Amino acid sequence: MKFQRPARYTGGARLYDVVSGERPVYRAGRVVGVEELQLRPGDRVLDVGCGTGLNFPLLLDAVGPAGAVIGVDASGSMLSRARVRVAKRGWGNVRLVEADAARLDAALAASSSPPLFDAALFAYSLSIIENWRDAYAQTLARVRPGGRLAVVDMALPVGRWQALSPLVRLACFTGGADITRAPWTLALQTTTATSHHVVRGGHIHIGAGTRP
Ligand SMILES: C[S@@+](CC[C@H](N)C(=O)[O-])C[C@H]1O[C@@H](n2cnc3c(N)ncnc32)[C@H](O)[C@@H]1O
């Protein structure tokens with residue numbers, strides 16, 4: 001299937017885990033995002049824009065060996081890094097699909113994935129995916145009724161953290177993220193039993209809810 005690959009996440013894949021500020025800043029958001037999925041052993045989770053697989057350890061801890069993680073990303077280079085992570089850890093229940101998230105239906109059909117998932121996660125990806133509203137709608141449609149969806153993404157910091165705004169703008173520009181989108185609001189608008197968490201001085205928002 002032909003689609004536009006995100007250029008920044010082709011050349012930059014090799015350095016992503018090192019330069020992405022994971023430990024000091026971004027891990028906090030993914031931890032809350034995964035908690036909000038309320039996963040149970042055996043659950044099947046879709047990780048959209050999964051990148052190098054930084055969410056996988058948290059997801060797999062929650063779903064256990066009987067569960068499964070399907071990671072979708074448009075960058076073959078990011079998925080190559082994810083593949084190395086999966087092989088090193090010996091995870092047999094992670095599947096990787098190279099696809100544009102805005103054309104998820106076609107990609108999942110071609111990869112004989114389950115028709116519906118127990119949960120879906122976007123971590124720092126909806127602010128980058130070009131047709132992000134389509135990607136969100138197609139992902140929500142793939143979550144079973146009663147299943148959970150979480151969106152973790154970025155905004156400019158507030159209060160005393162505002163001093164870091166220039167740094168955040170630079171990081172978002174470098175990563176190709178649109179800091180004005182507030183994509184977690186989609187989860188708050190389209191699901192029930194919602195929650196909204198804000199961490200790291202307002203820089204990271206987590207919106208989550210249950211598919212009606
Ligand atoms: C900032 S990275 C986040 C990766 C990972 N979720 C994480 O938390 O580390 C954004 C990811 O979105 C992917 N991406 C960008 N456009 C996409 C699209 N149209 N469909 C699927 N993935 C896309 C990029 O290749 C990249 O891996």
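Up top you'll find the structure we're talking about.
Residues numbered from 1 in each chain as written. Predicted model: local features only at pLDDT ≥ 70, side-chain atom pairs only at ≥ 80, totals over all residues. Heavy atoms only, no water.

A. Inspection of the site of the ligand at higher detail. Around the ligand, the surrounding shell holds 21 residues, and the nearest of these are Tyr16, Arg30, Gly49, Asp73 and Ala123. Backbone polar atom of alanine 74 to a nitrogen atom of the ligand: 3.2 Å apart, as the coordinates give it. Alanine 123 places a main-chain nitrogen or oxygen 2.8 Å from a nitrogen atom of the ligand. Taking 590 Å² as the accessible area of the ligand by itself, protein coverage stands at 96%. Each residue belonging to the shell around the ligand can be placed in one class, and the counts come to 13 nonpolar, five polar and three charged. (Near = heavy atom within 4 Å. Polar contact = N/O pair within 3.5 Å; in protein donor to acceptor, adjacent residues only side chain to side chain. Areas by Shrake-Rupley, 256 points an atom, 1.4 Å probe, with all protein chains shown as cover. Nonpolar A, V, L, I, M, F, W, Y, C, P; charged D, E, K, R; others polar.)

B. Region of the structure containing the sheet that holds strand E4 (residues 117–123). With respect to topology, seven strands assemble into an open sheet ordered E3-E2-E1-E4-E5-E7-E6, the strand pairing being mixed. Of all the strands in the sheet, just strand E3 (94–98) and strand E6 (192–199) have a single pairing partner and so form its edges. Here the average twist between neighbouring strands, direction ignored, is 15°. As paired elements, strand E5 (residues 143–154) and strand E7 (residues 204–210) share seven bridges and run antiparallel to each other. When the bridges of E7 are listed, valine 152 appears paired with isoleucine 206. Here helix H5 (residues 76–89) sits on the sheet in contact with strand E2 (68–73) and E3, set at roughly 170° to E3. (Pairing = 2+ DSSP bridges. Helix = DSSP H or I, 4+ residues; strand = E, 2+ residues; numbered from the N terminus. Axes fitted to C-alpha atoms, helices over the stretch in contact; angles between N-to-C directions. Contact = heavy atoms within 4.5 Å.)

C. Highlighting the packing of aromatic side chains. Taken as a whole and assessed by the stated rule, the structure comprises three aromatic pairs. When the centroid spacing of 5.1 Å and the interplanar angle of 80° are considered together, the rings of tyrosine 26 and tyrosine 124 count as edge-to-face. Highlighted residues: tyrosine 26 in helix H3 (residues 22–36) and tyrosine 124 in the loop between E4 and helix H7 (132–141), separated in sequence by 98 residues. Residue tyrosine 26 shares its accessibility class with tyrosine 124, and that shared class is buried. Between phenylalanine 122 and tyrosine 136, the aromatic rings sit 6.1 Å apart at their centres with planes inclined by 25°, giving stacked as the arrangement. (Phe/Tyr/Trp six-rings, centres within 6.5 Å; stacked < 30°, edge-to-face > 60°. Buried < 20%, exposed > 50% of the residue type's maximum accessible area, 1.4 Å probe, protein only.)

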